[in-house]
Amino acid sequence: MKFATKALHAGIEPDPSTGAIMTPIFQTSTYVQDGPGIHKGYEYARTHNPTRDALENNIAALENAKFGRCFASGMSATETVIKTLRPGDEVISTGDLYGGSFRLFTQIFEAFGIKFTFVDMRDPQKVEEIINEETKLIWVETPTNPLLNIIDIEKISAIAHKHGAKVAVDNTFASPYLQNPLNQGADIVMHSVTKYIAGHSDVIMGFLGTNDPEIDNAFGFIQNSSGAVPGPQDCFLVLRGIKTLHLRMQRHCENGEVIANYLRNHPNVEKVYWPGFEDHPNHDIAKKQMNGFGGMISFMQKEDTIEQAESTLSKFKLFSLAESLGGVESLVGHPSGMTHASIPKEKRIVGGLTDSLIRLSVGIEDVDDLIADLKQAIE
Ligand code: PLP
């Protein structure tokens with residue numbers, strides 16, 4: 001099945017008891033058993049829920065994963081991956097990454113004896129130089145948040161596997177429509193479902209997919225033991241959102257391209273970060289591993305001061321100033337003061353995340369209206 005058909009049908013059967021075409025919201029914590037241990041496959045809702053099962057199977061199909069599991073948030077999905085490690089294990093992570101992932105790694109898991117090293121993975125050789133016997137996991141985010149760097153999943157996976165390490169890819173910025181990391185050799189794909197997959201800014205959720213039954217068993221054990229599971233109502237909303245994921249992504253990409261080019265040609269704009277530009281440092285890799293370049297764009301104005309950024313941010317009318325991304329409506333954010341505030345400034349600016357950087361999550365509105373809003377804000 002192709003993507004659009006999978007989005008609508010994969011993992012979803014009409015409800016056997018009523019024929020309801022939409023997966024019902026099974027709002028129950030437990031299931032009646034005919035005798036001790038004699039049940040219909042469901043015992044307790046932390047372990048299994050039919051609405052969640054349908055969603056897990058659906059997203060797994062979109063990621064070409066044999067197994068999929070949903071979590072209460074993107075962060076609880078990420079946490080589940082790290083919880084499979086043990087004290088003394090080492091993780092090599094992308095340097096430019098979501099601030100919350102950096103905070104989880106350094107402020108929670110380092111205290112449990114797991115070591116994290118952050119490198120610029122645009123050059124895979126840098127991973128080859130530091131990978132060692134203790135390295136058990138490579139954490140890749142591509143495109144990165146917020147600088148839209150592109151990392152070669154295939155090359156990083158080959159290096160990791162040569163050294164016996166696994167690769168997990170945070171695929172949030174691309175969505176399964178634009179990129180399927182397992183096809184490129186990664187072992188685990190992670191999503192903040194909150195973003196493009198749910199797509200309507202009304203749910204917090206995470207996802208992990210893999211083709212490896214051992215990895216999936218470990219995720220299932222942690223999912224059930226730690227209990228960070230999403231509720232059935234949220235699973236229903238995401239199932240509903242996914243039915244238009246392909247259409248939304250097409251419009252995000254179209255609008256993103258128009259806006260990236262508009263910004264690039266504007267005299268008040270110094271630099272635009274968007275992987276669709278032919279001179280983007282890893283454009284060729286983006287072309288190889290993605291089906292489009294998405295609607296996430298960051299830019300720096302000619303006057304590179306925090307005051308200039310704040311003044312511009314205060315002028316937007318259609319783009320809403322808010323954390324998050326990937327919803328149908330356009331958002332604007334200030335990474336250094338918002339999503340990435342937990343990364344120390346000296347670390348941020350090395351990679352280019354300056355105080356004046358502005359990040360756009362381009363929505364699916366009419367692009368002429370979005371351009372008009374941008375124009376009045378940056379002029
Ligand atoms: N990964 C990326 C790239 C993100 O942008 C975010 C949230 O902004 C997360 C992970 C965390 O996901 P959640 O907010 O659903 O916990």
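Values in this document were obtained by computation on a predicted structure and should not be read as measured data.

Rules of the game
Residues numbered from 1 in each chain as written. Predicted model: local features only at pLDDT ≥ 70, side-chain atom pairs only at ≥ 80, totals over all residues. Heavy atoms only, no water. Helix = DSSP H or I, 4+ residues; strand = E, 2+ residues; numbered from the N terminus. Buried < 20%, exposed > 50% of the residue type's maximum accessible area, 1.4 Å probe, protein only. Contact = heavy atoms within 4.5 Å. Areas by Shrake-Rupley, 256 points an atom, 1.4 Å probe, with all protein chains shown as cover. Core = buried A, V, L, I, M, F, W, Y, C linked by side-chain atoms within 4.5 Å. Domains from an automatic or database assignment. Axes fitted to C-alpha atoms, helices over the stretch in contact; angles between N-to-C directions. Parallel < 35°, antiparallel > 145°, perpendicular 65-115°, else oblique. Left-handed = near helix turned anticlockwise from the far one by under 90°. Pairing = 2+ DSSP bridges. Phe/Tyr/Trp six-rings, centres within 6.5 Å; stacked < 30°, edge-to-face > 60°. Lys NZ or Arg CZ within 6 Å of the ring centre and 35° of its normal. Expected span 1.5 Å × (residues − 1). Arc of directions from axis to C-beta. Polar contact = N/O pair within 3.5 Å; in protein donor to acceptor, adjacent residues only side chain to side chain. Buried area = accessible area lost by both parts, 1.4 Å probe. Salt bridge = Lys/Arg side-chain N within 4 Å of Asp/Glu carboxyl O. Nonpolar A, V, L, I, M, F, W, Y, C, P; charged D, E, K, R; others polar.

## Some remarks on the overall build of the protein
Here comes step 1: Looking only at helices and strands, the protein features 14 helices and 12 strands.
Here comes step 2: Here the protein holds 379 residues, and the buried ones make up 55% of them.
Here comes step 3: A sequence separation of at least 24 residues applies to 74% of the contacts in the protein between residues at least 6 apart.
Here comes step 4: Here the protein displays about 16000 Å² of accessible surface, and carbon together with sulfur accounts for 52% of that area.

## Points about the nonpolar core
Here comes step 1: If you look at the biggest cluster of nonpolar residues, it comprises 42 residues, and the most contacted ones within it are Leu 55, Ile 59, Val 193, Met 205, Val 238 and Ile 242.
Here comes step 2: Of all the elements in the fold, those that place two or more residues in this core are helix H1 (3-9), helix H2 (50-62), helix H7 (175-178), helix H9 (232-242), helix H10 (245-264), helix H11 (283-289) and strand S9 (296-301).
Here comes step 3: Two domains each provide a minimum of three residues to this core, namely domain 1 (3-242) and domain 2 (245-378).
Here comes step 4: When neighbours within four sequence positions are excluded, Ile 59 is seen to be in contact with Cys 70, Val 193, Ile 197, Phe 207 and Ile 242.

## With respect to the packing of helix H3 (residues 74-83) against helix H4 (residues 99-109)
Here comes step 1: Packing of H3 against H4 leaves a shortest axis separation of 11 Å and a crossing angle of 45°. Our classification of the angle between H3 and H4 gives oblique. As H3 packs across H4, the resulting crossing turns out to be right-handed. Every residue of H4 that contacts H3 at Met 75, Thr 78, Glu 79, Ile 82 and Lys 83 is listed here: Gly 100, Ser 101, Leu 104, Phe 105 and Phe 109.

## Let's talk about the sheet that holds strand S8 (residues 269-273)
Here comes step 1: Pairing within the open sheet is mixed, and its 5 strands lie in the order S8-S9-S12-S11-S10. With one partner strand each, in any of the chains shown, S8 and strand S10 (320-321) form the two edges of the open sheet.
Here comes step 2: Sheet analysis places S10 next to strand S11 (residues 331-333), joined by 2 bridges and oriented parallel. By the bridge assignment for S11, Leu 321 is matched with Val 332.
Here comes step 3: Running over the sheet, H10 touches S8, S9 and strand S12 (358-361) and is turned about 10° from S9.

## What to know about the side chain of His 191
Here comes step 1: For His 191, the location among the structural elements is in strand S6 (residues 188-192).
Here comes step 2: Using a relative accessible area of 1% as the deciding quantity, one classes His 191 as buried.
Here comes step 3: Apart from the residues within four sequence positions on either side, His 191 is in contact with Glu 63, Gly 74, Asn 171, Thr 172, Ser 175, Pro 176, Ile 197, Met 205, Gly 206 and Phe 207.

## Points about the packing of aromatic side chains
Here comes step 1: Tallied over the full model, the rule gives 9 aromatic pairs.
Here comes step 2: Plain terms: the ring middles of Trp 274 and Phe 293 are 5.8 Å apart, the flat faces sit at 75° to each other, and that makes the pair edge-to-face. Taken together, the positions of Trp 274 in the loop between S8 and H11 and Phe 293 in the loop between H11 and S9 put the pair 19 residues apart, joining distant regions of the chain.
Here comes step 3: On the basis of relative accessibility, which here comes to 3%, the residue Trp 274 falls in the buried class.
Here comes step 4: Overall, Phe 293 belongs to the partly exposed group, its relative accessible area being 22%.
Here comes step 5: Connected via pairs of aromatic rings, a cluster forms that spans Phe 105, Phe 116 and Trp 139.
Here comes step 6: When the ring centre of Phe 277 is taken as reference, the NZ or CZ atom of Arg 264 above it lies at 3.9 Å.

## Some remarks on helix H14 (residues 367-378)
Here comes step 1: Between its terminal C-alpha atoms H14 stretches 16 Å, which fits the 16 Å expected from 12 residues at 1.5 Å a residue.
Here comes step 2: Val 367, Leu 370, Ile 371, Asp 373, Leu 374, Ala 377 and Ile 378 are the residues of H14 that are buried. With its buried residues spanning 160° around the axis, H14 presents them on a single face.
Here comes step 3: Structurally, H14 contributes buried residues whose contacts are with H10, S8, S9, helix H12 (306-313) and S12.
Here comes step 4: For H14, the side-chain oxygen to backbone nitrogen distance between the N-cap and Asp 368 is 2.9 Å, and the N-cap itself is Asp 366.

## Let's talk about the domain arrangement of the protein
One frequently used descriptor of interface size is the decrease in accessible area upon assembly of the parts.
Here comes step 1: For the protein, the assigned domains read domain 1 (3-242) and domain 2 (245-378).
Here comes step 2: Residue-level contacts link 42 residues of domain 1 with 43 residues of domain 2.
Here comes step 3: Buried area between domain 1 and domain 2, both sides added, is near 3400 Å², and the carbon and sulfur share of it is 61%.
Here comes step 4: Looking at the side of domain 1 facing domain 2, the largest losses of area belong to Leu 147, Leu 178 and Tyr 196, adding up to 23% of the total buried there.
Here comes step 5: Where domain 1 packs against domain 2, one counts 2 salt bridges.
Here comes step 6: For Glu 154, the salt bridge goes to Lys 288, with nearest N and O atoms at 3.4 Å.
Here comes step 7: At the boundary of domain 1 and domain 2, one finds 17 residue pairs in polar contact (both at pLDDT 80 or more).
Here comes step 8: Elements that contribute at least two residues to the side of domain 1 that touches domain 2 include exactly H1, H4, helix H6 (153-162), H7 and H9.
Here comes step 9: Here the side of domain 1 that touches domain 2 is composed, by residue class, of 24 nonpolar, 13 polar and 5 charged.

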